[in-house]
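Architecture and fold: a report
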Amino acid sequence: MGSAYLFSGPPGCGKEGLAIAFSCGLNCSNESNPLCGECHSCKQFRSLQHEHVTFLVPLPGSNSGKPGEQGGKIKDQKNLELFQAALEEKSKNLFHKITLPRAKQILIGSVRCLRKTLYLKTQTHGKILEEPPKNTTIILVTDYKEQLSPTLLSRCQHIDFPPIDQSTMRSYIVDIGIESELIPILTEISQGDMHKAYSLFGKSKEEILGMMGEIVSLVFSEKASSWRHFINEYSRLAYTNPAEFRFRVYLLQLWIWSIYKEKSGVRKNSFYLGKENGMESIVQKLLNTDIHILNAHLEEILRGLNRNLNTSLALTNLLIKIHQEIQSDKAYA
Ligand SMILES: [Zn+2]
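Because the structure is a prediction, the values reported are computed rather than measured. (Residues numbered from 1 in each chain as written. Predicted model: local features only at pLDDT ≥ 70, side-chain atom pairs only at ≥ 80, totals over all residues.)

1. So, the overall build of the protein chain
Condition: Labels follow the DSSP assignment, with helices taken as runs of H or I lasting at least four residues and strands as runs of E lasting at least two, numbered in each case from the N terminus. Residues are called buried when their C-beta atom has 20 or more other C-beta atoms within 10 Å, exposed when it has 12 or fewer, and partly exposed otherwise; all C-beta atoms are positioned from the backbone. By definition, residue pairs are in contact when their C-beta atoms, positioned from the backbone, come within 7 Å.
When you go through the protein chain residue by residue, the secondary structure sums to 15 helices and five strands. In the protein chain, buried positions account for 20% of the 333 residues. In the protein chain, the proportion of contacts linking residues at least 24 apart, taken out of those at least 6 apart, comes to 64%.

2. Brief notes about the environment of N27
Tracing the backbone shows N27 in helix α1 (residues 15-27). The exposure class of N27 is buried, given the 20 C-beta atoms found within 10 Å. Through-space distance from the C-alpha of N27 to that of H52 is 8.2 Å; in sequence the pair is 25 residues apart. If we ignore the near neighbours within four places in the chain, the residues touching N27 are S41, H50 and H52.

3. Details of the environment of Y198
Here Y198 is to be found in helix α9 (residues 194-200). The class of Y198 is partly exposed, set by 18 C-beta atoms lying within 10 Å.

4. Remarks on the nonpolar core
Across soluble globular proteins, nonpolar side chains have a tendency to be buried as a group. Stated formally: Under the definition applied here, buried Ala, Val, Leu, Ile, Met, Phe, Trp, Tyr and Cys residues are grouped into a nonpolar core through C-beta atoms within 7 Å.
Membership of the largest hydrophobic core comes to 23 residues, with the highest contact counts inside it found for V216, V219, L252 and W255. Contributions of two or more residues to this core are made by α10 (205-220), α11 (224-240), α12 (242-264), α13 (279-286), α14 (291-306) and α15 (311-332). Residue contributions to this core peak at eight residues, all from α12. Not counting residues within four places of it along the chain, the set of residues in contact with V219 comprises F230, L252, L319 and I322. Counting residues in hydrophobic clusters, the runner-up holds nine residues, among them C13, I164, A197 and L200.

5. Observations regarding unusual backbone geometry
Excluding glycine, residues mostly carry a negative phi; peptide bonds, for their part, are mostly trans. The backbone phi angle of L35 is positive, close to 70 degrees, even though this residue is not glycine. Structurally, L35 is set in the loop between α1 and α2 (40-46). C-beta crowding within 10 Å serves as the criterion here: with 16 such atoms nearby, L35 is assigned to the partly exposed category.

6. A look at the confidence of the model for the protein chain
Stated precisely, the cut-off is as follows: Residue-level confidence of the predictor is summarised by pLDDT, bounded by 0 at the bottom and 100 at the top.
Of all residues in the protein chain, 80% attain a pLDDT of 70 or more, and the chain-wide mean is 80. Averaged pLDDT values over the elements of the protein chain bottom out at 43 in helix α4 (residues 111-115) and peak at 94 in α11. In the predicted structure, residues 63-74 sits below a pLDDT of 50 and forms 14 contacts with residues beyond four places in sequence or in another chain. Here residues 107-123 is modelled with pLDDT under 50, and outside its nearest four sequence neighbours on either side it reaches 31 contacts, counting other chains as well.

7. Regarding the sheet that holds strand β4 (residues 138-142)
As a reminder of what qualifies: Pairing between two strands is assigned when DSSP locates at least 2 bridges connecting them. Interaxial angles span 0 to 180 degrees and are taken between N-to-C directions of axes, which are lines fitted to C-alpha atoms, for helices over the stretch in contact.
The three strands are arranged β4-β1-β5 in an open sheet whose pairing can be described as parallel. Because the sheet does not close on itself, it has two edges, and the strands there are β4 and β5 (157-160). Averaged over all neighbouring strand pairs, the angle between strand axes comes to 20 degrees, with direction disregarded. As paired elements, strand β1 (residues 4-8) and β5 share four bridges and run parallel to each other.

8. A short note on α1
Here is the rule: Helix span, expected: 1.5 Å multiplied by one less than the number of residues in the helix.
Helix length check: α1 (13 residues) gives 18 Å between terminal C-alpha atoms against 18 Å at 1.5 Å per residue, within 8%. All of the buried residues in α1 are K15, E16, I20, C24 and N27. Elements that come into contact with the buried residues of α1 comprise β1, α2 and β4.

9. Quick notes on the packing of α11 against α12
The line we're drawing: Convention used here: angles under 35 degrees read as roughly parallel, angles over 145 as roughly antiparallel, angles from 65 to 115 as roughly perpendicular, and any remaining angle as oblique. Residues are grouped as follows: Ala, Val, Leu, Ile, Met, Phe, Trp, Tyr, Cys and Pro are nonpolar; Asp, Glu, Lys and Arg are charged; all remaining types, including Gly, are polar.
Relative orientation of the contacting elements α11 and α12 amounts to 130 degrees, with a least axis distance of 5 Å. Classified by the angle their axes make, α11 and α12 are oblique. Where α11 abuts α12, its residues Y234, L237 and A238 lie against P242, E244 and F245. For the contact of α11 with α12, the per-class residue count stands at five nonpolar, no polar and one charged.

Dropping the structure here:
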């Protein structure tokens, strides 16, 4: 048994859930059948309140930056509640992602430690991997393995997980009782990412296509009022709900790719490309546009979100670049 593992793979492929199942197996007292589900340890795992398990998640930094000072305490209470709620949700659904709003630093996120407001900075994590405490297994889980230092990678046993394949995704969605009408659109849009599938639960097919249609028509409109609306609405969304912002941009990316697939004959009659609401004229406009360049501009926006760029300015630039691209291709067509 190694002392440190790294589970990596695309978002929503089940890494965290597997890390939890793995630690449940390590703690199970039934040697012939680990993960028995019956022993004291396995039962504690069900609520994710096991005494031997500590979750480390990114948390927002406190006001003072120093643990235990007054500025940080109220926030800690709030974070503690948010964290407990997230943990409870995770215990019911292993695909639930534990995230706290505006979390930047990796501080220790176990309920016990939060109570003591004991904080552990990233450098200390490195130290722990270097000299692991006895009888401890550390499992690091990340979507971004390429951002980790080679030293850290060298200290872990690395397991890379693929996205969930379409048929597994389909059977999972069927099992939890999603309406059959929604299954094709959920599997198509989520592309093996269970978090995306979850963010779509409870929405009707019309709502999902409506969200997609809205961002498409705002971005490709030539009206100044649509641009203003897009810049105001989406810069606000990027601030208040970055995950939702990413998801809307992702819908736009999917829509743009479906034109590429249609154009290259990979796929005919994509259900996104409805003929209603003037969509057809946008599709016609984009048929002569380099889809890869449009997509690169959208990726840049998403990267900028991590770096806290001025979003309204970035979105204005995006619209200008996209429309320049469409115009320039028209000239050659
Ligand atoms: Zn057990």
